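What follows is each chain in one-letter form.
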Amino acid sequence: MSIQEGVRLVSQGPIAVVELDLVGEKVNKLSTPVLMRFKELLGQIAQSSTYKAVVIISRKPKNFVAGADIEEIKRITSKEECRKILEAAHSIFNALEDLPIPTIAAINGACLGGGCELVLACDYRICSDAKETKIGLPETKLGIFPGFGGTIRLPRIVGLQAALDIILAGKSVDGRKALKIGLVDESLPAQMLETRAMSIAQEVVAGKKGKRKKRFKARSTVEKIMDSPLGRPLVFHQARKMLLGQTKGFYPAPVKALEVVQKTYGSSSRAKSLDIEMAGFCEVAVTPVSKHLIDLFFMMEAIKKQTGVTGDVKAKPVSHMAVLGAGTMGGGIAQLAADNNIDVRMKDISNEALALGYKAASDIWSKELSRKKLTKYDMDRKMSLISGTLDFSGFGQIDLVVEAIVEDMEIKKKVIAETAKNCRPDTIIATNTSSLSVSEMSKGHPHPENFLGMHFFNPVHRMPLVEVIRGEKTSDEATATVFELSKRMGKTPVVVKDGPGFLVNRLLMPYMIEAMFLLEDGMEIGTVDRYFTHKFGMPMGPFRLMDEVGLDVCVKVVKIFHKALGDRIQVPAVAEKLTTIGRLGKKNGRGFYLYDERGKELSVDKGIYKELGLNSPTNKLSEKECIERCVFVMINEASLALIEDHIVDRPHEVDLAMIMGTGFPPFRGGLLKYADSLGSKYIASELEVYATQAGLRLKPTQPLVNMAKTDRKFYS
Ligand SMILES: NC(=O)c1ccc[n+]([C@@H]2O[C@H](COP(=O)([O-])OP(=O)(O)OC[C@H]3O[C@@H](n4cnc5c(N)ncnc54)[C@H](O)[C@@H]3O)[C@@H](O)[C@H]2O)c1
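Procedures and definitions
- Residues numbered from 1 in each chain as written.
- Predicted model: local features only at pLDDT ≥ 70, side-chain atom pairs only at ≥ 80, totals over all residues.
- Heavy atoms only, no water.
- Salt bridge = Lys/Arg side-chain N within 4 Å of Asp/Glu carboxyl O.
- Helix = DSSP H or I, 4+ residues; strand = E, 2+ residues; numbered from the N terminus.
- Buried < 20%, exposed > 50% of the residue type's maximum accessible area, 1.4 Å probe, protein only.
- Near = heavy atom within 4 Å.
- Polar contact = N/O pair within 3.5 Å; in protein donor to acceptor, adjacent residues only side chain to side chain.
- Nonpolar A, V, L, I, M, F, W, Y, C, P; charged D, E, K, R; others polar.
- Pairing = 2+ DSSP bridges.
- Axes fitted to C-alpha atoms, helices over the stretch in contact; angles between N-to-C directions.
- Contact = heavy atoms within 4.5 Å.
- Disulfide = S-S within 2.5 Å.
- Expected span 1.5 Å × (residues − 1).
- Parallel < 35°, antiparallel > 145°, perpendicular 65-115°, else oblique.
- Left-handed = near helix turned anticlockwise from the far one by under 90°.

1. Observations regarding the pattern of salt bridges
Thought 1: Applying the stated criterion across every chain yields a total of 60 salt bridges.
Thought 2: Where glutamate 440 meets lysine 413, a salt bridge forms, and the shortest distance between an N and an O atom there is 2.5 Å. Taken together, the positions of glutamate 440 in helix H19 (residues 438-441) and lysine 413 in helix H18 (residues 409-421) put the pair 27 residues apart, joining distant regions of the chain.
Thought 3: A relative accessible area of 26% places glutamate 440 in the partly exposed class.
Thought 4: For lysine 413, a relative accessible area of 16% corresponds to the buried category.

See below:
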């Protein structure tokens, strides 16, 4: 009954209005039962002689159709099963396209994936110009591609280039862009959408408009050339080159989608084209890459519903924020707060430092302005939300303070105590420290229950993770408040327990240390980095990463870790040397790589081997050994952090944090999914072999040894 209600046919004389409003769901999704119901209605419409036009509209306020049911796609394990689902969907979308009477889709809100494919099978598409309206095909982000005819119909409507832009990158467009590329016929204010859809239907009834097959017509000379038999191969060649450059071949879906478009564009046989699309789709839908990307999607969706605590504790509202320190992190955090419409006060110890904070924010928005992603009006409005101060004026109305001053426990404790004195007793103070104990620091706060960690990553506006660190006395309310605030700032929060390096840095540091040992073992810097980017899929290799972080910072943290975690963390001789040769990394243009004045990487600095007292590299270690040593050492540390220290409680939190905080390849599903794909037995036995040379730092930890006995997985 509820499906019948959720997809219903409302007769308005000769116009059949199909209303979508799934009962008990926030958004409309095209699950199999929904599609079946849709088919039933199409049958009724086709058989009736009353109807002359069909209008399809959603009754959800900000959603047309969010897409196909991803749960169903996740469950597909065989190509045969996949084929059955697609064949059923194709028959419905074809029936829609083949209806003898014209169909008009009225789109307001998200019209994505299967939703977009549905409207592509209609004769007319109009949309609202509301900011919620997004029309597109995000499938490649889930390791699949449009399989309900999207790769066939979209290029025919908007042309090859615009279609590839959307399909390959999994993009969506707003109403304005949709109109520009010819994806919709009209874009108009939301209040007028339904009236306009009905008036188009009336025009149909009056015989002024009829059935049509909208075909792309090149407008400019360039478009004409690119769409000609001569130009098309060039478009495909460029798209393929760009794809392989971006994905390095790790993501099969967009490559397959391109292949499908190439084989079907211009074909006159819909049946053959859909068959090609179906075969390609079924190939990618069963890959582990797709399953991992879908899991990641669900993890992100789950965060949206979580509060960061168990039980019914509400986050406190935050309308006024303050940031202590207007440096690299403080400036970034202030920009992010204002960008999300939060009033933020930046405090530093000099006007020069404050000016740098303002400049950092303004630089980010200026870039958006030049890319037309922001208007001058909005930029000025956001800028006006940031105010600067050298004292605590205005702190009486602050709800939450983020501390981002120098990394020194005593200074931080003092500043926190002083800040607390100038704030209300219920003001929450969060530290952005990356290596100091949150519980220890909370001793500076008269109300330690209102103190915790809010660890952003650098650069703040780009890195999606925030570690929410609970100290020993942190209250649930403070945790929930920072968790909610992180989400409001567009970040993915993960709650972690206090401990050296919290979660992400604790796992990342052994990886960087191991890379330094590879260097000592005769490996070349560029070779190791390339193994990680081109063979493993990290966004950057460990040496490039250390240059980004700053070599002085890395060496300092290595030593802190050695002190905190014991001999398992060994300080490489190279690290000791690094501090004495004036190489700070990207920030002073000299690290493992050389950089120009604008920070652009030039090349590996060949002189560094000698400066570090190393022989010329011989690259004697295999790619396998390099990758395994650096990655397994993270898995080893993760087993302790998860199983023994309970820094987080579940393996998926490790995976989410590593993907969001370090760019660990999403197609591998995260560090522990990757570990499970190899098996704990294999990892432990390889580590044993490496440890015969390296000693304790590569010895499998007790939790990993225990797992290896029965080849147990992290995700059991
Ligand atoms: N830089 C990173 O990559 C990174 C990443 C995550 C976390 N962190 C952490 O963030 C914090 C800040 O790091 P950063 O890189 O932004 O440092 P930074 O040196 O760029 O900025 C620190 C700012 O704090 C100001 N300051 C010093 N004492 C102050 C005081 N008493 N009151 C107000 N302002 C004061 C300084 O003038 C400076 O502007 C540190 O705890 C660091 O560990 C840094």
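2. Some points on the site of the ligand
Thought 1: In the region of the ligand, 20 residues are neighbours, and Met329, Asp348, Glu407, Lys412 and Ser434 sit closest.
Thought 2: Between the ligand and methionine 329, the relevant distance is 2.8 Å, taken from an oxygen atom to a main-chain nitrogen or oxygen of the residue.
Thought 3: Note that an oxygen atom of the ligand is positioned 2.6 Å from one of the side-chain N or O atoms of aspartate 348.
Thought 4: A per-class count over the shell around the ligand returns eight nonpolar, eight polar and four charged.

3. A few points about unusual backbone geometry
Thought 1: Note the cis peptide between asparagine 458 and proline 459, where omega equals -5 degrees.
Thought 2: Relative to the elements of secondary structure, proline 459 occurs in the loop between strand S18 (451-456) and strand S19 (465-470).
Thought 3: With a phi angle near 50 degrees, phenylalanine 502 is a residue other than glycine that sits in the positive phi range.
Thought 4: Note on phenylalanine 502: relative accessible area 0%, which makes it buried.
Thought 5: In this structure, asparagine 619 is a non-glycine residue whose phi angle is positive, near 50 degrees.
Thought 6: Within the element layout of this structure, asparagine 619 appears in the loop between helix H26 (608-611) and helix H27 (623-644).
Thought 7: On the accessibility criterion, asparagine 619 (28% relative accessible area) is partly exposed.

4. Description of the sheet that holds strand S7 (residues 103-107)
Thought 1: What the six strands build is an open sheet, ordered S1-S2-S4-S7-S9-S12; its pairing is mixed. The open sheet is flanked by strand S1 (7-12) and strand S12 (186-188), the only strands paired with a single partner. The sheet shows a mean angle of 20 degrees between the axes of neighbouring strands, direction not considered.
Thought 2: The pairing of strand S2 (residues 15-20) with strand S4 (residues 53-58) spans six bridges and is parallel. Among the inter-strand pairings, valine 17 is bridged to a residue of S4, identified as valine 55.
Thought 3: On top of the sheet, helix H2 (residues 32-47) reaches S1, S2 and S4; it is set at about 25 degrees to S1, its chief contact.

5. Quick word on the state of the cysteines
Structurally, a disulfide amounts to a covalent bond that connects the sulfur atoms of two cysteines.
Thought 1: If you walk through the whole model with that rule in mind, you get zero disulfides.
Thought 2: Free cysteine cysteine 116: the closest other cysteine sulfur is in cysteine 111, separated by 5.3 Å.
Thought 3: The class for cysteine 116 is buried, based on a relative accessible area of 1%.
Thought 4: This cysteine, cysteine 626, is not joined by any disulfide, and cysteine 630 carries the nearest cysteine sulfur, 7.0 Å off.
Thought 5: Cysteine 626 sits in the buried class, given a relative accessible area of 0%.

6. Comments concerning H18
Thought 1: The end-to-end C-alpha separation of H18 is 18 Å, in line with the 18 Å expected for 13 residues at 1.5 Å each.
Thought 2: Those residues of H18 hidden inside the fold are in contact with strand S13 (320-324), strand S16 (400-403), strand S17 (428-431), H19 and S18.
Thought 3: Backbone nitrogen of glutamate 410 and a side-chain oxygen of the N-cap are separated by 3.1 Å at the start of H18; the cap is aspartate 408.

7. Side note on the environment of threonine 481
Thought 1: Note that threonine 481 resides in helix H20 (residues 476-488).
Thought 2: Looking at threonine 481, the relative accessible area reads 1%, which means it is buried.
Thought 3: Contacts of threonine 481, omitting those with residues within four sequence positions, involve Ala315, Lys316, Val318, Leu400 and Ile428.

8. So, the packing of helix H6 (residues 150-158) against helix H12 (residues 252-264)
Thought 1: Interhelical geometry of H6 versus H12 gives an angle of 60 degrees and a closest axis separation of 9 Å. It follows from the interaxial angle that H6 and H12 lie oblique. In the packing of H6 onto H12, the handedness of the crossing is right-handed. Where H6 approaches H12, its residues Thr151, Ile152, Pro155 and Arg156 are matched on the opposing element by Val260, Val261 and Thr264.
Thought 2: Looking at side-chain class alone, the contact of H6 with H12 contains four nonpolar, two polar and one charged residues.

9. Describing the packing of helix H22 (residues 525-536) against helix H23 (residues 542-549)
Thought 1: Across the interface, H22 lies against H23 with an axial gap of 7 Å and an inter-helix angle of 100 degrees. What the angle tells us is that H22 and H23 run roughly perpendicular. In this structure, H22 uses Ile525, Val528, Asp529 and Phe532 to contact H23, whose residues at the interface are Pro542, Phe543 and Arg544.
Thought 2: Taken together, the residues of the contact of H22 with H23 sort by class into five nonpolar, no polar and two charged.

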